Amino acid sequence: MARKASTNIPQATELTPQQEDLVREDMAALDTVAQMRVSDALDVGIHLGRIQSAIFLRQCGEKIIAETFIQMRESKKYKELQFPDENGNLRNYGDLKEFCQRFLGKSYAACAESAQNYELLGSQLYEQAERMGLRQKDYRALRALPSDDQRLIQDALTDAPGREAVAELIEELTSRHAAKLAEAETKLKEATEQHEADERLLQIGNDKKNELERRLHYRESQDTEKKVAELSRIMTEVVNKTLAELDPLGKVFLEVRSLSDCPGHLVVAMEQALSRVVAMVQDLSMSYSVAFDLAGDDIPDFIPEGEDHGQVD
């Protein structure tokens, strides 16, 4: 026999007026909390949306600024654009710096740096770098690297999961490059110091050489002076002896001329004797290029070595 369904249904408990007021207050509180949660969720969503939009605009904005700067720098078309001045009058941009400040909202230096980064990486890689959040210090470090290391960073921008990996690679390459530069500077310094030391040694050697040459020249000059004095003395002695040897010939000539009836052949002998003396003098003159006056008009008196060369009163 089937069981009958229970008919014992619990009856609703009647609430007192005070309990009903508490229930209404609790329900209102729950409703307020629910509304606050919905409102907070909406605010968070709005803020997140704003942040994402700002990030997107920053990433795209830097690229647009760089491309605009490059285009205006090359085309000079910024001179054709106008803007309202403080008085509301339209006027043209004076130069690229003013265009950057007023139109692009950045200084010329900042725009030029963005253009450098863009030209270094190209359109796609620059956009990728901006998405990763590369900072200006990263770009500056990248530009300071050699071209081979720059290509490594460019490859990393394509495959790296985020900025941290690229920044670590840039830091590693920068440290390696700095170490190479320090090593090169050390070698250059050592080479410079060695070169300076070699120059000093060379200068010392040249100074010694010059001193030796000076001493040698002085010694040679002293020897020459001594030799000149000795030759002058010898020449004086020879001349005096020669003149002394000619003196007897003059006496013979005197005796010949004193004869009352001088034979002709004796006069010829005198002439021949004198010709032989003159011929010897001429031979000496031609052999050693010593000029002399045969007439005797300009021949000074022979002054032996050591005698006074002044005029006699």
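Residues numbered from 1 in each chain as written. Predicted model: local features only at pLDDT ≥ 70, side-chain atom pairs only at ≥ 80, totals over all residues. Heavy atoms only, no water.

1. A closer look at the packing of aromatic side chains
If you walk through the whole model with that rule in mind, you get 7 aromatic pairs. Note on Y78 and F99: the rings are 6.2 Å apart at their centroids and 40° apart in plane angle, and the pair reads as tilted. Linking Y78 in the loop between α1 (17-75) and β1 (82-84) with F99 in helix α2 (residues 96-104), this pair joins segments that are 21 residues apart in sequence. Here the two residues Y78 and F99 agree in accessibility, since each one is buried. Among the aromatic residues, ring-to-ring pairing joins Y78, F83, Y93, F99 and F103 into one connected group. Taking the ring centre of Y108 as reference, the NZ or CZ of K97 above it sits at 5.8 Å. (Phe/Tyr/Trp six-rings, centres within 6.5 Å; stacked < 30°, edge-to-face > 60°. Helix = DSSP H or I, 4+ residues; strand = E, 2+ residues; numbered from the N terminus. Buried < 20%, exposed > 50% of the residue type's maximum accessible area, 1.4 Å probe, protein only. Lys NZ or Arg CZ within 6 Å of the ring centre and 35° of its normal.)

2. A few points about the nonpolar core
Counting residues in hydrophobic clusters, the biggest one holds 31 residues, and the most contacted among them are L121, L157 and V166. Mapped by element, the contributors of at least two residues to this core are α1, α2, α3 (108-121), α4 (123-132), α5 (136-144), α6 (147-159) and α7 (163-258). Apart from the residues within four sequence positions on either side, L121 is in contact with Y126, A129, Y139, L142, Q154 and L157. (Core = buried A, V, L, I, M, F, W, Y, C linked by side-chain atoms within 4.5 Å. Contact = heavy atoms within 4.5 Å.)

3. Comments concerning helix α8 (residues 264-288)
The end-to-end C-alpha distance of α8 is 36 Å, a good match for the 36 Å that 25 residues give at a rise of 1.5 Å each. Among all positions in α8, only V267, M270 and S285 are buried. Elements in contact with the buried residues of α8: α7. (Expected span 1.5 Å × (residues − 1).)

4. Quick word on a negative patch on the surface
A contiguous patch of negative charge on the surface is contributed by E190, E193, E196, D198 and E199. Within the secondary structure layout, D198 lies in helix α7. (Patch = residues over 30% accessible without salt bridge, like charges linked within 9 Å, V, L, I, M, F, W, Y side chains within 5 Å. Areas by Shrake-Rupley, 256 points an atom, 1.4 Å probe, with all protein chains shown as cover. Salt bridge = Lys/Arg side-chain N within 4 Å of Asp/Glu carboxyl O. Lys, Arg positive; Asp, Glu negative; His and termini not counted. Charge placed at Lys NZ, Arg CZ, Asp CG, Glu CD.)

5. Looking at the confidence of the model for the protein
Mean pLDDT over the protein works out to 78, with 75% of the residues at or above the 70 mark. In this model, residues 1-13 is a region of pLDDT below 50 whose contacts with residues beyond four sequence positions or in other chains number 0 contacts. The low-confidence segment residues 38-57, where pLDDT is below 50, has 2 contacts with residues more than four positions distant or belonging to other chains. (pLDDT = per-residue confidence, 0-100.)

6. Side note on the pattern of salt bridges
One pass over the structure, following the stated rule, counts 17 salt bridges. Between E127 and K63 there is a salt bridge, and its shortest N-O distance comes to 2.9 Å. You can see E127 sitting in helix α4 and its partner K63 sitting in helix α1, a full 64 residues away along the chain. The shortest N-O distance in the salt bridge between E86 and R102 comes to 3.5 Å. Taken together, the positions of E86 in the loop between β1 and β2 (90-92) and R102 in helix α2 put the pair 16 residues apart, joining distant regions of the chain. Given a relative accessible area of 40%, R102 falls into the partly exposed group. Residues participating in the shared-partner salt-bridge network are E86, R91, E98 and R102.

7. Considerations on the side chain of H177
Within the secondary structure, H177 sits in helix α7. Contact partners of H177, with chain neighbours within four places excluded, come to A144, L145 and P146.

8. Considering unusual backbone geometry
Despite not being glycine, K76 shows a phi value in the positive range, around 60°. Within the secondary structure, K76 sits in the loop between α1 and β1. A positive phi is found at S289, a non-glycine position, where the angle reads about 55°. If you trace the backbone, S289 turns up in the segment after α8. Classification of S289 by relative accessible area gives exposed; the value is 67%.

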